[in-house]
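Here's the letter readout for the chains.
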Amino acid sequence: MRQWKNILIPYEQAIGELKVKFKAIRAEYRKRNEYSPIEFVTGRVKRVSSIIEKAKKYGIDEKNIEEEIEDIAGIRIMCQFVDDIYKVLELIKERDGKDLTIVYEKDYINNQKDSGYRSYHVIIRYPVQTAYGEKNILAEIQIRTLAMNFWATIEHSVNYKYKNHIPEKIKLRLKKSAEAAHRLDEEMLTIRDEVINAQKLFELKSNTVSSIVSNIQLLKNLGRHDKAEYFQGKFDDYWLDTNLVNLNKLNEDIKNAIES
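Heads up: these notes are all about the structure in this document.

Thresholds, definitions, all that
Residues numbered from 1 in each chain as written. Predicted model: local features only at pLDDT ≥ 70, side-chain atom pairs only at ≥ 80, totals over all residues. Heavy atoms only, no water. 1 Å grid on protein atoms, 1.4 Å probe; cavity = no way out; pocket = protein on both sides within 12 Å on 5 of 7 lines; lining within 4 Å. Points joined across faces, edges and corners; volume = space filled by probe spheres on them. Helix = DSSP H or I, 4+ residues; strand = E, 2+ residues; numbered from the N terminus. Nonpolar A, V, L, I, M, F, W, Y, C, P; charged D, E, K, R; others polar. Salt bridge = Lys/Arg side-chain N within 4 Å of Asp/Glu carboxyl O. Buried < 20%, exposed > 50% of the residue type's maximum accessible area, 1.4 Å probe, protein only.

1. Some thoughts on the layout of surface pockets
Size it by volume and the largest pocket reaches roughly 1600 Å³. Around the largest pocket sit 37 residues that line it, and Lys46, Lys54, Asp71, His156 and Asn164 are the ones nearest its centre. Broken down by element, the residue count for the lining of the largest pocket peaks at 6 residues, all from helix α6 (residues 146-162). Of the residues in the lining of the largest pocket, the class split is 9 nonpolar, 12 polar and 16 charged. Approximately 250 Å³ is the volume attributed to the second largest pocket. Element by element, the count of residues in the lining of the second largest pocket is highest for helix α8 (residues 192-221), at 6 residues. Here the lining of the second largest pocket is built from residues that sort into 4 nonpolar, 4 polar and 5 charged.

Shown next as structure tokens:
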């Protein structure tokens, strides 16, 4: 009998490492005050029951499961816009031959499934350093928009309920919903620049406000309560302003006051 708990340890490790790597890319973009094509990242190791069920469905011999089932380890990268999917794909391809190897790709965006499912899949081979040496495992990276992910999550739940035998009436409704999600992605793409600029403005303001609050507190800690009170008053006047000029100047004035 297979010791599934031990078999899945490297897959769990791979998921943990890949999530950290892609989240680090997102964090770097944001620290540079740049737009990140990665909105958020999730990952999971397939349940043993699902692995066995898939093996039976496709007639996979138990001893070949790890080589023939490519999504035992799965990473999902969500993006705001369809264009971002291909930017993430470029990021993955830049790592090909370094910390991962691309086995093949499946483009379900330009070639959506009959159900309406859209996503971009990249099958990779990923080296995991275990207590017993290196193990190369297969993993699947799914890249999709938030709208695609919403639809796919619902469709997965319906499939589970009907054990992959969804009634035709519900299939039709799901297909129509998939097209609606696709139209939403297309519409959002037309206002992409406006959305990104608004998000950048929000991020810049958040960082500036955080700096101001910290520096005012530092003045208080230094015992300079009059200065802290003065700048707090200025901050109360400016913080709702969408123009960052006043907030940036205030932040510089506070920094100068700390250093003087």
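Text resumes after the structure shown.
2. Here's the deal with the pattern of salt bridges
Tallied over the entire structure, the rule returns 17 salt bridges. Between Arg192 and Asp84 there is a salt bridge, with the nearest N and O atoms lying 3.1 Å from each other. Pair noted here: Arg192 is in helix α8 and Asp84 is in helix α5 (residues 82-95), with a separation of 108 residues, a long-range link. Each member of the pair, Arg192 together with Asp84, is buried.

Functional significance is not addressed by these values, which are geometric in nature.
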